[in-house]
Amino acid sequence: MVGDSILLQTAKVLKSVTQENTDYLCRYGGDEFAIITNRPWEDARGLAQQIVNSIASEEWFQGIKVKGSVGVVGGQKKLHNSDENKPYLVSDLFNMASLASSKAKAEGRSIEVAGWFEL
């Protein structure tokens, strides 16, 4: 029950830093969330920092200490790729961001930038 409360509160924190017309927030699985955004690259990196800061400053259920790790990856579809590959390319970005987040967590850091890719 405590874990569910933390997940709900995390979702509220993330929703408070995202913009409805720019960002799409979803739960990716387990304790992972994902945000797809059409923000410029530097703004997306700033959003990652804002997420980390918001999680750190939040008062959590029963005084539990919660830390977050964020993986940031950007991509742009090559002009010659067909639209039928679009879902596959988005899943690649999700996987890269998830791996970057796991790396940040394992190394005791908050943010890992996987980079910008042309897919």
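This report concerns the structure included in the present document. (Residues numbered from 1 in each chain as written. Predicted model: local features only at pLDDT ≥ 70, side-chain atom pairs only at ≥ 80, totals over all residues. Heavy atoms only, no water.)

## Points about the nonpolar core
Formed by 13 residues in total, the largest nonpolar core has its most connected members in Ile51, Ile55, Trp60, Val66 and Val70. For this core, the element with the most residues is helix 2 (residues 41-57), which contributes five residues. (Core = buried A, V, L, I, M, F, W, Y, C linked by side-chain atoms within 4.5 Å. Buried < 20%, exposed > 50% of the residue type's maximum accessible area, 1.4 Å probe, protein only. Helix = DSSP H or I, 4+ residues; strand = E, 2+ residues; numbered from the N terminus.)

## Describing helix 1 (residues 2-17)
With 16 residues, helix 1 extends 23 Å from end C-alpha to end C-alpha; this agrees with the ideal 22 Å at 1.5 Å per step. Buried residues belonging to helix 1 abut strand 1 (23-29), strand 2 (32-37) and helix 2. (Expected span 1.5 Å × (residues − 1). Contact = heavy atoms within 4.5 Å.)

## Some remarks on the pairing of strand 2
Put simply, side chains in a regular strand alternate between the two faces of the sheet. By the bridge criterion, six bridges tie strand 1 to strand 2 in an arrangement that is antiparallel. Bridge assignment links Tyr24 to a residue of strand 2, and that residue is Ile36. Between strand 1 and strand 2, which follow one another and run antiparallel, lie two residues, and Gly30 among them has a positive phi close to 55°. (Pairing = 2+ DSSP bridges.)

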